[in-house]
Amino acid sequence: QVQLVESGGGLVQAGGSLRLSCGASGSIFSISTMGWFRQAPGAQRELVARITSGGSTNYADSVKGRFAISRDNAKNAVYLQMNSLKAEDTAVYYCNLFVGWNNYWGQGTQVTVSS
């Protein structure tokens, strides 16, 4: 059983930065693809960034150049550094673990960007 816990969300002014963290339980973290998704009010959940077990990354066009995903396998953790935040980044951010064609989700952490 995989458990994911996000932290680091909060209220920030437009142009500011936040760093989200996600810790994972279990022994499969190192072979998994990790991702960050977000869901804004009235919107569907969307992929923000992901990182493979080998360290390859990709980002949504809306966050390229502003966000950076990273992982620390020794800590079973994945991070999302968010810079130059915009009001439209406001959403609940979810940590995702993908392995063996299965998806696991954290509870989510709220990010609110004031304009």
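The structure we're discussing is the one just above.
A. Focus on the sheet that holds strand S8 (residues 77-82). Taken in spatial order, the 4 strands line up as S1-S3-S8-S7 in an open sheet, and their pairing is antiparallel. On the outer flanks of this sheet lie strand S1 (4-7) and strand S7 (67-72), each paired with one strand and no other. When the angles between neighbouring strand axes are averaged without regard to direction, this sheet yields 15 degrees. Two elements, S7 and S8, share 6 bridges in a ladder whose sense is antiparallel. Bridge assignment links arginine 71 to a residue of S8, and that residue is valine 78.

B. The arrangement of the state of the cysteines in detail. Tallying each qualifying case throughout the model produces 1 disulfide. For cysteine 22, the disulfide goes to cysteine 95, at an S-S distance of 2.0 Å. Between cysteine 22 and cysteine 95 the sulfur-sulfur dihedral comes to about -85 degrees; the bridge is accordingly left-handed. A residue pair is termed long-range when its members are at least 10 positions apart, and cysteine 22 in strand S3 (residues 18-24) and cysteine 95 in strand S9 (residues 91-99) qualify at 73 residues. Note on accessibility: cysteine 22 and cysteine 95 belong to one class, buried.

Thresholds applied
Residues numbered from 1 in each chain as written. Predicted model: local features only at pLDDT ≥ 70, side-chain atom pairs only at ≥ 80, totals over all residues. Heavy atoms only, no water. Pairing = 2+ DSSP bridges. Helix = DSSP H or I, 4+ residues; strand = E, 2+ residues; numbered from the N terminus. Axes fitted to C-alpha atoms, helices over the stretch in contact; angles between N-to-C directions. Disulfide = S-S within 2.5 Å. Buried < 20%, exposed > 50% of the residue type's maximum accessible area, 1.4 Å probe, protein only.

By themselves, these are just geometric observations and shouldn't be taken as functional.
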